[in-house]
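Here is what each chain is made of, one letter per residue.
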Amino acid sequence: MSSKKQTRIDTRFADLQEAGRPALVTFVTAGDPDLDTSLEILKSLPEAGADLIELGMPFSDPMADGPAIQLAGQRALESGQTMAKTLGMVREFRKGDNDTPIILMGYYNPIYIYGNERFLEEAANAGVDGLIIVDLPPEADEELCIPAMEYGINFIRLAAPTTDEKRLPRVLQNTSGFVYYVSITGITGAAAPDPALVGASVARIKSATSLPVAVGFGVKTAEQARAIGEVANGVVVGSALVTAIAKSLDGEGKATGETVDAVTGLVRQLAQGVHQVSHLPAA
Amino acid sequence: MNPFGAVVEEPPTNAENPEEKAGSVTKPIEPNSYKIGPDEEGHFGIFGGRYVAETLMPLILDLEQAYNDAKNDPEFHADLQQLNKHYTGRPSPLYYAERLTNHLGGAKIYFKRDELNHTGSHKINNCLGQIMLAKRMGKTRIIAETGAGQHGVAAATVAARFGYPCVVYMGKTDVERQSPNVFRMKLLGAEIVPVTAGAGTLKDAMNEALRDWVTNVEDTYYLIGTAAGPHPYPELVRDFQSVIGREVKSQLMEAEGRLPDMLIACVGGGSNAIGLFHPFLDDKDVAIVGVEAGGHGLEGEEHCASLTAGSPGVLHGNRTFLLQDGDGQIKEGHSISAGLDYPGIGPEHSWLKDTGRVEYVPIMDDEALEAFQLLCRIEGIIPALEPSHALAELVKRAPKMGKDEIIVMNLCGRGDKDVFAVSKHLGFDM
């Protein structure tokens, strides 16, 4: 709806539309398993094939997340991750990459405590392009969504299978960047979505908005990414990546020489899956 | 008159700046009525609201609709009243504690004896109301969270009574320290899911219940145990619990021909307290005191006093006072009483604190233990550890008040569940 200036998110989806393939959107938690390793992972994602990056802001009580992302958040918090450090990671990343969109994802309380204005100002300056705040529905738009737009930051809304025709316009109203379709009723990293059902839902959303629609929750493999990519503008993978991090750690939960490669290796496979798709979804 | 209490008036104006920095809550103007909240978006001043994932929004809006319909349906009220009377045993007595009054030598002390309810606490009042809503909504499966197990037992009880399967989420730590209640829930046919995420206590159980709900949206009703969570839960739990305060009003009128001078209740999430307080909020001469769990003391980390030592934040669907660190991460609460062991508080209490209508004070573990023993010996009543906190505050205040003054305290739960824990603290080998 916004007529604000183009963000990196808008540019990236426009470019991919031209290239005729969907976007691979990767999620990792900031500070997992520690700040240095996490920054290294972040910097290596675009080269491995991530088109957009979601960076999780860890929270003690992630109500909508499954065990994998909960544990990633706990690892990050135990290693001392804070909001200031998460914003610092984005600043660091931007020194070497001015094109790949970064979306901060998480829950409202750490932002609220940081101070909404202070957060938005520092996020905009650091080079954050979008926000996904799980527990801020449209009913609370004036708290963060509308102020974010003024800072040129996209507020990306989740639409769910329970979002019916009546509610969809409300959900789309102040959404910008893209729409994140939650493919299942459930938590992150749960059952794999059925591409046919997802396709119908994406079509329903696209009939109500010109924004790209990315699909997440439950996509783990290159094949699933390809199948979902056939019916959407983007595929989000999160739990599978943080699980790869978890598996690469040593007995004490510390990063090993394999941790970064474990993530980039999986991102490469997922990118191959997504790159097999050649389509031009309706604009 | 709507027997559920809430007077319909102009919604409170939400003049606070939403971008205001957390923690710097300015004192709101004194409202014309303290009973007007929540507004249409579920706010009590800046507190409350609906901070939930989109998947849950339609469900919460459905629940609100169903509750509004039920509120205006005389049949719903009649059915609930029948159950309250014949199943729970309401009205619960308002008991003049003569021996304790004489012992303390000050104000006249009355106990509202909700510990005599079926299942042993006030929790059943809310569970009956909510399960009737679940039935109206055509839901076929009940989920609940529990800390000490009192709400879990009450939820399992009403699920059995209505013939619904029931899943209770309970922190692993609590499952271990509350084994009698775990067994009671199993006897009642509930499935207990021990939660290992986080520290395995009440807030983690609530997270896990929310994860279940977001996964099983079609058939499942989430029966929240306290006056917290996203709108409309704080309102509807309060309304179902307000039977406590309404009964007190008419019982005391009969016994003494007047209103009390002071009300005292313990607050964890705050459902028994709001149930007692709400009908009296606009009676300006009634002083109201809420008692939080001070644990080992507020200077350390080992307490649960969200109102006296916390700050406003957003958790579990509402903005309210929370125990949290400087980065907005939620801390674990501590209390000798598992029922007060929650790092948040119902949003209406946050508003009542902010407006100054209710005074909130902490009571330490050892003070509660002492009050617990006092009541056993002087009145022959074994109270739960939760109202023992309220009792400890009463013991401090009653002697300073005149003999012509009246205090009513909500004795919201019985102590059977706590005798093992208390014996351990007193060094008694059972």
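All figures in this text were calculated on a predicted structure; none of them were measured in a lab. (Residues numbered from 1 in each chain as written. Chains lettered and ligands numbered in written order. Predicted model: local features only at pLDDT ≥ 70, side-chain atom pairs only at ≥ 80, totals over all residues.)

Novice: What is the right way to look at the overall build of chain B in this model?
Specialist: Helix and strand counts for chain B stand at 16 helices and 14 strands. Its C-alpha atoms give chain B a radius of gyration of 20 Å, near enough to 22 Å, the size a compact globule of 430 residues would have. If one aligns the C-alpha atoms of chain B with their principal axes, the spans along those axes are about 55 × 55 × 50 Å. Sequence separation of 24 or more characterises 75% of the internal contacts of chain B that already satisfy a separation of 6 or more. (Helix = DSSP H or I, 4+ residues; strand = E, 2+ residues; numbered from the N terminus. Rg over C-alpha atoms; globule rule 2.2 N^0.38 Å. Contact = placed C-beta atoms within 7 Å.)

Novice: Explain the overall build of chain A to me, please; I cannot follow it from the model alone.
Specialist: Secondary structure summary: chain A contains 12 helices and 9 strands in total. Against the 2.2 N^0.38 benchmark of 19 Å for 283 residues, chain A shows a C-alpha radius of gyration of 17 Å, consistent with a compact globule. Across the 283 residues of chain A, 57% fall into the buried class. Contacts spanning at least 24 positions in sequence make up 75% of the contacts within chain A whose residues lie at least 6 apart. (Buried ≥ 20, exposed ≤ 12 C-beta atoms within 10 Å, placed from the backbone.)

Novice: When you look at the sheet that holds strand β2 (residues 47-51) of chain B in this model, what are you seeing that I'm missing?
Specialist: The strands making up a sheet associate through backbone hydrogen bonding, with each pair oriented either parallel or antiparallel. Residue and element names in this part refer to chain B. If you walk across this open sheet you meet the 4 strands as β1-β2-β12-β11, and the pairing is antiparallel. Here the strands that pair on one side only, and so sit at the sheet edges, are β1 (43-44) and β11 (311-315). In the sheet, β1 pairs with β2 via 2 bridges, with the strands oriented antiparallel. When the sheet's bridge partners are listed, histidine 43 is paired in β2 with glycine 48. Helix α13 (residues 347-355) contacts β1, β2, β11 and β12 (317-322) of the sheet and is inclined by roughly 45 degrees relative to β12. (Pairing = 2+ DSSP bridges. Axes fitted to C-alpha atoms, helices over the stretch in contact; angles between N-to-C directions.)

Novice: What am I meant to see in the packing of helix α11 (residues 239-248) of chain A against helix α12 (residues 259-275) of chain A here?
Specialist: The axes of two packed helices give the description: the angle between them and the distance between them. Residues and elements named next belong to chain A. For the pair α11 and α12, the least separation of the axes is 8 Å and the interaxial angle reads 150 degrees. Between α11 and α12, the interaxial angle falls into the category roughly antiparallel. At the point where α11 passes α12, the crossing takes the right-handed sense. Facing α11, whose interface residues are Ala240, Leu241, Ala244, Ile245, Lys247 and Ser248, α12 presents Thr259, Ala262, Val263 and Leu266. (Parallel < 35°, antiparallel > 145°, perpendicular 65-115°, else oblique. Left-handed = near helix turned anticlockwise from the far one by under 90°.)

Novice: Just to check I follow, could you spell out the sheet that holds strand β8 (residues 220-222) of chain B for this structure?
Specialist: Residues and elements named next belong to chain B. Taken in spatial order, the 4 strands of this open sheet run β7-β6-β5-β8, and their pairing is parallel. Both edges of this open sheet fall to β7 (191-195) and β8, since each of them pairs with a single strand only. Going across the sheet, the axis of each strand differs from the next one's by a mean of 25 degrees, ignoring polarity. Pairing of strand β6 (residues 166-171) with β7 involves 5 bridges; the strand directions are parallel. Residue pairing in the sheet places tyrosine 169 in a bridge with valine 193 of β7. The sheet strands contacting helix α8 (residues 202-215) are β5 (141-146), β6, β7 and β8, and the helix crosses β5 at an angle near 160 degrees.

Novice: Explanation requested: helix α15 (residues 385-397) of chain B in the structure shown.
Specialist: Three or four residues apart is the spacing at which side chains of an α-helix point the same way, because the helix has 3.6 residues per turn. Residue and element names in this part refer to chain B. Taking 1.5 Å per residue as the helical rise, α15 with its 13 residues ought to reach 18 Å, and the 19 Å between its terminal C-alpha atoms agrees with that figure. Of all the 13 residues making up α15, 10 are buried; the element is thus mostly covered by neighbouring parts of the structure. The set of residues buried in α15 consists of Leu385, Glu386, Pro387, Ser388, His389, Ala390, Leu391, Ala392, Glu393 and Leu394. (Expected span 1.5 Å × (residues − 1).)

Novice: How should the interface of chain B and chain A be read in this particular structure?
Specialist: For an interface, size is often stated in terms of accessible area lost upon the parts coming together. The interface of chain B with chain A comprises 31 residues on the first partner and 40 residues on the second. Of all the elements in the fold, those that place two or more residues in the side of chain B that touches chain A are β2, α1 (57-71), α8 and β11 of chain B. For the side of chain B that touches chain A, a count of residues per class yields 15 nonpolar, 8 polar and 8 charged. (Nonpolar A, V, L, I, M, F, W, Y, C, P; charged D, E, K, R; others polar.)

Novice: Hey, could you run me through the domain arrangement of chain B in this one?
Specialist: All names here are of chain B. The domains assigned to chain B are domain 1 (53-66 + 123-237) and domain 2 (89-121 + 241-425). Domain 1 and domain 2 are separated by 23 Å when their C-alpha centres are compared. Contacts between domain 1 and domain 2 engage 28 residues on the former and 30 residues on the latter. Among the elements of the structure, α4 (123-136), α5 (150-162), α6 (172-177), α7 (179-187), α8 and α9 (233-241) are those that each provide at least two residues to the side of domain 1 that touches domain 2. Split into classes, the residues belonging to the side of domain 1 that touches domain 2 amount to 13 nonpolar, 11 polar and 4 charged. (Domains from an automatic or database assignment.)

Novice: How should I be thinking about the nonpolar core in this particular structure?
Specialist: When a protein is soluble and globular, its nonpolar side chains tend to lie buried together. Of all hydrophobic cores here, the largest spans 220 residues; its most connected members are Ala214 and Val235 of chain A together with Ile142, Ala155, Ala265 and Met409 of chain B. Residue-level mapping places this core at the junction of two domains, with at least three residues from each of domain 1 (53-66 + 123-237) and domain 2 (89-121 + 241-425) of chain B. Once residues within four sequence positions are removed from consideration, valine 235 of chain A is found in contact with Pro22, Leu24, Val25, Ala214, Val215, Val219, Ala225, Ile228, Gly229 and Val274 of chain A. (Core = buried A, V, L, I, M, F, W, Y, C linked by C-beta atoms within 7 Å.)

Novice: Got a minute to help me understand the confidence of the model for chain B in this structure?
Specialist: Residues shown with low pLDDT carry predicted positions that ought not to be read at fine detail. Residue and element names in this part refer to chain B. Looking at chain B as a whole, its pLDDT mean stands at 92, while 93% of the residues score no less than 70. Across residues 1-24, confidence stays below pLDDT 50; counting only partners more than four residues off in sequence or on other chains, it has 41 contacts. Scoring the predicted complex yields pTM 0.93 and, for the interface, ipTM 0.94. (pLDDT = per-residue confidence, 0-100.)

Novice: Before we go on, may I ask you to explain the environment of arginine 177 of chain B in this structure?
Specialist: Residues and elements named next belong to chain B. For arginine 177, the position within the fold is in helix α6. Taking the number of C-beta atoms within 10 Å as the measure of exposure, arginine 177 has 15 and is therefore partly exposed. C-alpha separation for the pair arginine 177 and phenylalanine 420, spaced 243 residues apart in sequence, amounts to 9.4 Å.

Novice: Explanation requested: the pairing of strand β14 (residues 406-410) of chain B in the structure shown.
Specialist: Put simply, side chains in a regular strand alternate between the two faces of the sheet. All names here are of chain B. Counting buried positions over the 5 residues of β14 gives 5, a clear majority of the element. Burial of the side chains of β14 extends over both faces: Ile406, Val408 and Asn410 are buried on one face and Ile407 and Met409 on the other. Of the strand pairs in this sheet, strand β4 (residues 108-112) and β14 are connected by 5 bridges, and their pairing is parallel. Bridge pairing links isoleucine 109 to isoleucine 407 in β14.

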